[in-house]
Amino acid sequence: MTMTTSALDEVVRALHGVLRDDQILTSKTDRYNRARVPAPFPVHLWSERLPDLAVLPDTTDEVSAVVRITNDLRVPVVPRDGGTGLTDGASPFRGGIVVDLKAMNKVHSLDLDNRTVTVGTGINMLKLNEQLAPHGLFYPDDPASYPCSLVGGRIGTSGWSLIGSRYGHTRDLVLSFDHVLPTGDVMHVGDGGGHQISKSSSGYQLKHLFMGHQGTLGIATEATLKLFPKPEAELSPFWAFDNYDDAYRCVGALARAGVATFAGAVLFDEYKVAYLRRDDEAYIPQPADVRALVCAVMYGYEDEVRAAGRRLFRIAQQHGARYLGDEISEGDWAARHDRYATPLHGRTKDGQVIPMSWHCEDAAVNYTNLPAVSREWHRIVAELRRKTDIFDDWGMFCYTSGNTGVDYLTEIDVGIWEQRLDDEAWALWVGAKRDIAAAALAHGGSISTCHGSCREGEVDLVPQELGRGFDVMLDIKRTLDPNNIMNPGKYQLDRAYDDRGVEGVGR
Ligand SMILES: Cc1cc2nc3c(=O)[nH]c(=O)nc-3n(C[C@H](O)[C@H](O)[C@H](O)COP(=O)(O)OP(=O)(O)OC[C@H]3O[C@@H](n4cnc5c(N)ncnc54)[C@H](O)[C@@H]3O)c2cc1C
C-alpha cells in the first residue's frame, strides 16, 4: 500500500460512483495476484510492487471514468491484461490502481465481407480463434504465450508472433482500436476515419505510437483485427545438424528463399540442444551427434504448402540437414505454446536437480551479427554461473522476424533459482541484463524484439538505443500524461517531469 488510508478512502468513494462494488478489488490476494509477472521476479521485493487496489471494468466508458478519477486525484494507474509480460510492464512500481481488463473479453462484431473482427481487448487469441473457426477464419497472432496473453497486452507490448513472417506481427494485424488517454479522454487510433482501413496517408501515423508503450500512454479497450482464411495445411519440418555453422547458414538460406507460404524459421543453438538433451527430452529426442536444430514453418493451401516444402527440404539438404521425421516435427511445433512450462528445474554445477524458473532475454539482431551476439551472451551467463549456482544457461533460439530474414528475434533462456534471489543475486542478474542489452546494441541491434525493455538493467540503455528519439518520447509523455499517472516509473519516462516534481506521484 502506498496511499494513506484517507487518500485510499477518497479514491474508493470516487470509484463507487462509476463502478459496481464487485468491480473494485481491495483484498490482499486480489492485489498480490496483480503484482506478479513471469519474468525473474525479485520475490524478496514483492511487497514493494503491490497496487493499492484493482478494478475490473466492463466497458470503455468505465475505463475512461476510472482514468479520469486517477488523473484528478494524481493516483498511478497500471493497465493489466494477461499479466504474462516479461518486462515488468504490468507490475505497479508506485502502487495505485491496476486496471484489469480481463472482463472486457467479448467479440463485439464480426465482419465477414471485410474480414475483420472487433473485440474487447481482454480476449485472448485462443478464445477468439475458437469463435472464428466455424467461419473458416483465424486471427494469426501466435506468441508462445498464445493461450494466456490477451489482445490488449499484445497492443501494450507490440507483440511478436511465431508465424509473423507469413502474417505479420501484432502491429500489422491490429487495424485500429479505441484508446483511453491518460486524461481519461477516448480516441480512436488507426488509419482513416473508420475502423477498418489498413493504409492511409492522412495525418501522422499514430497507430505505432500507441502500441508497445507498455501502458505508459493509456489503455486500449476495443480493437478491430485483420482476419485470414484458416490455413488448410501446416508444414513444420525439424532438421538436425552436427554443427552450429551449417544450421546457421541453413536458417539464413531458408529465410532468403522468398517462399510465399514461409511463416518463419527457428534455429536452436548448441547450448539449447545440450539443455534439451539434459533436461527436456520429452520434446525432441537428441542423439549425441546432434549439435543444432532448425525448424521452418509454412502455412497455406495444401497444394502451395506441399510445393514450398519440397523447395525448403532441398535447401536444408544442401546445408547438411538431417530430417527428424514427421512425428517429431509436428509434435514439437504443436508444443510451441506450452513447452515453457517445463521442466521447471535446473542443475547445480555438480549435477543436482534444483527448482528453477524459466526466464529469457530477447533482442532484435541482424542475421550477420547473430553468431557474435550468441558468443557474447553465453559468455555473460557463464560468468554468472561461475559466480553462483542460482543461474543456469538454457541455450538460445533465433527466430526470423520477417520473411526476408534481415533480422531475428534472438533469445537466451536462463534458468533461475528464484527462491534464492536476494539483493546480491538480484544485483548480479540486473548487471547481466545490462550487459546482454549492451551486446545487442554494440552489434547494431535493438534491446528487445517483443517484450519491451523497461526492466532494471536493460532500461538503463534505452536512451542510448534511441538517441534523440528518447527526448521525443519524453516530450510525448509529458504532453499526453501531464500528471505522470499512467504506469509511472517505466522506461525512465519520469525524466519528462524532472523540472516539475511530478515524478513523485505514488511511491
Ligand atoms: C511462456 C511465455 C511465452 C511468451 N512468448 C512470447 C512470444 O512468443 N511473443 C511475444 O511477443 N511475447 C511473448 N511473451 C511475453 C508476453 O506474453 C507478451 O509480452 C504479451 O504481449 C503480453 O500480453 P499480456 O496480455 O499478458 O499483457 P500484460 O502482461 O498484462 O501487459 C503487458 C504490458 O502492456 C500493458 N498493457 C496491458 N494491457 C493494455 C491495454 N489494454 N492497453 C495498453 N497497454 C496495456 C501493460 O501495462 C504492460 O506494460 C511470452 C510470455 C510467456 C510467459
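The name given to the protein chain in an unreviewed UniProt entry is D-lactate dehydrogenase (cytochrome), with Flexivirga oryzae as the source organism. In its Sequence similarities (unreviewed entry) section, the UniProt record describing the protein chain reads: "Belongs to the FAD-binding oxidoreductase/transferase type 4 family." In its Cofactor (unreviewed entry) section, the UniProt record describing the protein chain reads: "FAD".

Participant: Describe the pattern of salt bridges, with residues and values.
Facilitator: All told, the structure shown has 32 salt bridges when counted by the stated rule. Ionic pairing is found between R478 and D475, a salt bridge with its closest N-O pair at 2.6 Å. In this pair, R478 and D475 both sit in helix α15 (residues 468-480), three residues apart, roughly one turn of the helix. A residue is classified by how much of its surface remains accessible, and R478, at 29% relative accessible area, is partly exposed. Owing to a relative accessible area of 35%, D475 belongs among the partly exposed residues under this scheme.

Participant: Could you give an account of the packing of helix α12 (residues 370-387) against helix α13 (residues 423-442), naming the residues involved and the relevant values?
Facilitator: The interhelical angle for the contact between α12 and α13, taken along N-to-C directions, is 170 degrees, at an axis separation of 9 Å. With respect to α13, the axis of α12 lies roughly antiparallel. The segment α12 lies against α13, with V373, E376, W377, I380, L384 and K387 engaging L428, W429, A432, D435, I436, A439 and A440. When grouped by side-chain class, the residues that make up the contact of α12 with α13 number ten nonpolar, no polar and three charged.

Participant: Outline the site of the ligand, supporting the account with residue identities and numerical values.
Facilitator: Around the ligand, the surrounding shell holds 36 residues, and the nearest of these are P79, D81, T84, G85 and S145. At 3.3 Å, a backbone N or O of G89 approaches an oxygen atom of the ligand. Protein coverage of the free-state accessible area of the ligand, which is 980 Å², stands at 96%. Where the shell around the ligand is concerned, the elements lending two or more residues are β3 (77-80), α5 (151-157) and β10 (219-226). Among the residues making up the shell around the ligand, the classes are represented as 14 nonpolar, 19 polar and three charged.

Participant: Please set out the nonpolar core residue by residue, giving values where relevant.
Facilitator: Judged by nonpolar contacts, the single largest core of 64 residues is most densely connected at W239, L312 and W377. L312 has contacts with W239, L254, A257, V259, F262, A296 and M298, leaving out every residue within four places of it along the chain. By size, the runner-up hydrophobic cluster in this structure holds 48 residues, among which are Y146, L225, C295 and Y399.

Participant: Give a description of the environment of L421 that names residues and reports values.
Facilitator: By secondary structure assignment, the location of L421 is in the loop between β21 (407-416) and α13. Discounting residues that sit within four places of it in the chain, L421 has contacts with F41, H44, I390, F391, I416 and W426.

Participant: I'd like a description of the side chain of D142, backed by residues and values.
Facilitator: Tracing the backbone through its elements, the reader meets D142 in the loop between β7 (137-138) and α5. At 3.0 Å, the side chain of D142 and the side chain of R336 are in polar contact. With residues near it in sequence (within four places) discarded, D142 still touches S161, L162, I163, R336 and H337.

Participant: Lay out the sheet that holds strand β8 (residues 174-180) in plain terms, naming residues and giving numbers.
Facilitator: The strands making up a sheet associate through hydrogen bonds between their backbones, and the pairing can be parallel or antiparallel. The sheet built from five strands is open, its strands ordered β5-β6-β10-β8-β9 with antiparallel pairing. Each edge of the open sheet carries a strand with a single partner, namely β5 (107-111) and β9 (186-190). Going from strand to strand, the sheet's axes swing by 15 degrees on average, the running direction of each strand aside. In the sheet, β5 pairs with strand β6 (residues 116-120) via four bridges, with the strands oriented antiparallel. What sits directly across from V107, in β6, is V119. Contacting β8, β9 and β10, helix α3 (residues 60-73) crosses the sheet at an angle of about 150 degrees to β10.

Participant: Go over the side chain of D279, please, and point to the residues and values.
Facilitator: Among the secondary structure elements, D279 is positioned in helix α9 (residues 270-279). A distance of 2.7 Å separates the side chain of D279 from the side chain of R347, its partner in a polar contact.

Participant: So, a negative patch on the surface: which residues are in play, and what are the values?
Facilitator: Together, E48, D422, D423 and E424 give the surface a local cluster of negative charge. Taking the relative accessible area as the measure of exposure, D422 reaches 37% and is therefore partly exposed.

Participant: Give me the lowdown on the UniProt feature "domain: FAD-binding PCMH-type" (unreviewed entry) in the protein chain, citing residues and values where you can.
Facilitator: When the UniProt feature table is mapped onto this chain, "domain: FAD-binding PCMH-type" (unreviewed entry) is found at residues 47-230. Note that residues 47-230 is 20% helix and 24% strand, and that its end C-alpha atoms are spaced 45 Å apart.

Participant: For the packing of aromatic side chains, give the residues involved together with the corresponding values.
Facilitator: A complete count under the given rule lists 15 aromatic pairs for this structure. Relative to Y167, the ring of F138 has its centre 5.4 Å away and its plane inclined at 85 degrees; by these criteria the two rings are edge-to-face. Taken together, the positions of F138 in strand β7 and Y167 in helix α6 (residues 164-167) put the pair 29 residues apart, joining distant regions of the chain. Taken as a pair, F138 and Y167 share a single burial class, namely buried. A centroid spacing of 5.1 Å and a plane angle of 75 degrees characterise the contact between Y167 and F228, whose relative ring orientation is edge-to-face. One end of the pair, Y167, is in helix α6; the other, F228, is in strand β11 (residues 228-229), with 61 residues separating them in the sequence. Residue class for Y167 comes out buried when judged on its relative accessible area of 7%.

About the criteria used
Residues numbered from 1 in each chain as written. Predicted model: local features only at pLDDT ≥ 70, side-chain atom pairs only at ≥ 80, totals over all residues. Heavy atoms only, no water. UniProt positions renumbered as here; feature names shortened; annotations may be inferred. Salt bridge = Lys/Arg side-chain N within 4 Å of Asp/Glu carboxyl O. Helix = DSSP H or I, 4+ residues; strand = E, 2+ residues; numbered from the N terminus. Buried < 20%, exposed > 50% of the residue type's maximum accessible area, 1.4 Å probe, protein only. Axes fitted to C-alpha atoms, helices over the stretch in contact; angles between N-to-C directions. Parallel < 35°, antiparallel > 145°, perpendicular 65-115°, else oblique. Contact = heavy atoms within 4.5 Å. Nonpolar A, V, L, I, M, F, W, Y, C, P; charged D, E, K, R; others polar. Near = heavy atom within 4 Å. Polar contact = N/O pair within 3.5 Å; in protein donor to acceptor, adjacent residues only side chain to side chain. Areas by Shrake-Rupley, 256 points an atom, 1.4 Å probe, with all protein chains shown as cover. Core = buried A, V, L, I, M, F, W, Y, C linked by side-chain atoms within 4.5 Å. Pairing = 2+ DSSP bridges. Patch = residues over 30% accessible without salt bridge, like charges linked within 9 Å, V, L, I, M, F, W, Y side chains within 5 Å. Lys, Arg positive; Asp, Glu negative; His and termini not counted. Charge placed at Lys NZ, Arg CZ, Asp CG, Glu CD. Phe/Tyr/Trp six-rings, centres within 6.5 Å; stacked < 30°, edge-to-face > 60°.

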